[in-house]
Amino acid sequence: MPISPHRTVSSDLHDILSKVLSNTRLSREDGVRLYRHKDLTSVGTLANLVRERLHGARTYFVRNQHVNYTNICNKFCKFCSFYAKKGGPDPYEMSIEEVRRRLEWHRDSLITEVHMVGGINPRLPYSYYMDLVRAVKDALPGVHVKAFTAIEIEEIARVGKVSHEQALRDLMEAGLDSLPGGGIEVLSDRVHRELFGKKLDGEGWKSVARAAARVGLTQYATLLYGTIETVEERVDHLVQLRELQDETGHFVCFTPLSFHPEGTELEDVKPLTGYTDLRAIAVSRLMLDNFAHIKSFWIMNTPAVTQASLWYGADDADGLVHEYEITYNEGEFGNKTQALTYSNMVAMIREAGRTPIERDSLYQEIVREGAEPPRARSLTPLTVTG
Ligand code: SF4
């Protein structure tokens, strides 16, 4: 017989437990209490109730490849280790041919999604972005192209001298399917001013999101946590996203992104622990009652924390992530990348006691002929250089 959550959740959270059991929206104050409560297991139990109500044991993942087409950037965000700078990564700008070559490398991996983001490189013309999207669709017909944060959309519109909406329409005509979540990091004017003042602010980010909803694009959302933001600012970010989702309904998934200080201007900031990562996932699941999916991005959280997160609110373990270059630097194009094999991803989810489901970018299940994958030998991600 299942144990009643009233016995496992700390008694001083029973008012929130009642709300969770009756599917009642949590308040901003509830979110702050959940962030501050010393009993992480209780917070995780609450989040798991929501996770299992929505998805049972199902845990999604996607076969995806990342393309970070340039690291030249004129925004100089203090939390960023990716952009080219003195003493940091060398500058690069991928030609369309180079992008094609990289897609070719993973042709056998049955990639269903290509995720493209890059720095804000003012030398790139409007046509480059259209060509980029077209090149992916030509190389991998039927693949889902998730590309360009709101900051890039603003840059693309600027160089094309068109509105956000027109830029989005042109990109969709070239083959763009959805927008990734990044770009705003945290919806706080204070953090924006102090860490990424040259980028679009919160209202600007929301205006691009609204334009995306109007033209019928799906979007994803994120929170970068662990820089200088307060707990209240993290919760406020979630409340603002929840309100925007009430208005547009076009977000499909939320991913809390754990900050890595190495190589940034914030190297003195204490690195995060798995404890904070699990709490960020759990509180997101509880606050974002109108988001269907919460993702644990294993490349930032580690596969081990991702396994635990599947009991703390996450229902998505992201993907095989070939070619991700933003958190780990070194190698050709100044970068080192990481990837999990298909069988390692499946083993990672199964070992955590959950059911792996390969999905497409819109969370439709993908069933393949002879689907039983080979047994994994190790849960360790591959490190692929260049
Ligand atoms: S986070 Fe993006 S916009 Fe900011 S410096 Fe890095 S690449 Fe540029």
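A quick note: this is a predicted structure, and the numbers were derived from the prediction, not measured.

## Notes on the site of the ligand
- With respect to spatial proximity, the complete set of residues near the ligand consists of C73, K75, F76, C77, F79, C80, F82, Y83, G119 and K199.
- Across the shell around the ligand, the residue classes tally to seven nonpolar, one polar and two charged.

## Remarks on the sheet that holds strand β11 (residues 355–358)
- If you trace the three strands from one edge of the open sheet to the other, you get β9-β1-β11, paired in parallel fashion. Each edge of the open sheet is held by one strand with a lone partner, namely β9 (316–319) and β11. Each adjacent strand pair in this sheet contributes to an overall mean axis angle of 25 degrees, direction not counted.
- Inspection of the sheet shows strand β1 (residues 58–62) paired to β9 by two bridges, in the parallel sense. In the sheet register, Y60 faces β9, and the bridge partner there is D316.

## Regarding the pairing of strand β4 (residues 144–147)
- Side chains H144 and K146 of β4 all project onto a buried face; the interleaved residues V145 and A147 project onto the opposite face, where all are buried too.
- In this structure, strand β3 (residues 113–116) lies alongside β4, joined through four bridges in parallel fashion. Opposite M116, over in β4, you have A147 as the bridge partner.
- In this region the chain leaves β3, passes through helix α6 (residues 126–139) and returns to the parallel neighbour β4; the handedness of that crossover is right-handed.

## Some remarks on the packing of aromatic side chains
- A full pass over the atoms with the stated rule returns twelve aromatic pairs.
- Centre to centre, the rings of F79 and F196 are 5.9 Å apart; their planes meet at 85 degrees, and the pair counts as edge-to-face. One end of the pair, F79, is in the loop between β2 (64–67) and α5 (96–105); the other, F196, is in the loop between α9 (189–195) and α10 (202–215), and 117 residues separate them in sequence.
- Taken together, a centroid distance of 5.7 Å and an interplanar angle of 90 degrees make the contact between Y128 and Y129 edge-to-face.
- Under the relative-accessibility criterion, Y128 is labelled buried at 9%.
- Each member of the aromatic cluster is reached from another via a ring pair, and the members are Y69, Y128, Y129 and F148.
- Geometry around Y220 places K146 over its ring, the cationic atom sitting 3.8 Å from the centre.
- Across the ring face of Y363, the terminal group of R359 is positioned such that the distance to the ring centre comes to 4.2 Å.

## Quick word on the confidence of the model for the chain
- When the pLDDT values of the chain are averaged, the result is 91; 91% of them are 70 or greater.
- The model gives residues 328–335 a pLDDT under 50, and that stretch makes 26 contacts with residues more than four places away or in other chains.
- This stretch, residues 373–386, has a pLDDT under 50; its non-local contacts, to residues over four places away or in other chains, come to 39 contacts.

## Quick look at the pattern of salt bridges
- Counting across every chain of the model gives 30 salt bridges.
- Residue R63 is joined to E358 by a salt bridge in which the shortest nitrogen-to-oxygen separation is 3.0 Å. Linking R63 in the loop between β1 and β2 with E358 in strand β11, this pair joins segments that are 295 residues apart in sequence. A single burial state applies to R63 and to E358, both of which are buried.
- Through salt bridges with shared partners, a single network forms among D15, K19, D30 and R33.

## Quick look at unusual backbone geometry
- Even without being glycine, F76 reaches a positive phi, approximately 50 degrees.
- Among the secondary structure elements, F76 is positioned in the loop between β2 and α5.
- Residue classification places F76 among the partly exposed residues on the basis of a relative accessible area of 42%.
- Phi at E185 is positive, roughly 65 degrees, even though this residue is not glycine.
- E185 sits in the buried class, given a relative accessible area of 9%.

## Things to note about empty space enclosed by the protein
- In total, this model carries two cavities of 30 Å³ or more according to the counting rule given.
- Forming the walls of the second largest cavity are F79, E185, V186, V191, L195, F196, L224 and T227.
- Considered class by class, the residues forming the lining of the second largest cavity number six nonpolar, one polar and one charged.

## Quick word on helix α2 (residues 14–21)
- For α2, every residue scored as buried is listed here: I16, L17 and V20. Angular distribution of buried residues about the axis of α2 spans 105 degrees; they occupy a single face of the element.
- Where the residues of α2 are buried, they touch α1 (5–8), α3 (28–36), α4 (40–55) and α12 (274–287).
- Looking one or two residues beyond α2, the residue adopting positive phi is N23, at roughly 60 degrees.

Criteria and thresholds
- Residues numbered from 1 in each chain as written.
- Predicted model: local features only at pLDDT ≥ 70, side-chain atom pairs only at ≥ 80, totals over all residues.
- Heavy atoms only, no water.
- Near = heavy atom within 4 Å.
- Nonpolar A, V, L, I, M, F, W, Y, C, P; charged D, E, K, R; others polar.
- Pairing = 2+ DSSP bridges.
- Helix = DSSP H or I, 4+ residues; strand = E, 2+ residues; numbered from the N terminus.
- Axes fitted to C-alpha atoms, helices over the stretch in contact; angles between N-to-C directions.
- Buried < 20%, exposed > 50% of the residue type's maximum accessible area, 1.4 Å probe, protein only.
- Right-handed = clockwise from strand over helix to strand, strands pointing away.
- Phe/Tyr/Trp six-rings, centres within 6.5 Å; stacked < 30°, edge-to-face > 60°.
- Lys NZ or Arg CZ within 6 Å of the ring centre and 35° of its normal.
- pLDDT = per-residue confidence, 0-100.
- Contact = heavy atoms within 4.5 Å.
- Salt bridge = Lys/Arg side-chain N within 4 Å of Asp/Glu carboxyl O.
- 1 Å grid on protein atoms, 1.4 Å probe; cavity = no way out; pocket = protein on both sides within 12 Å on 5 of 7 lines; lining within 4 Å.
- Points joined across faces, edges and corners; volume = space filled by probe spheres on them.
- Arc of directions from axis to C-beta.

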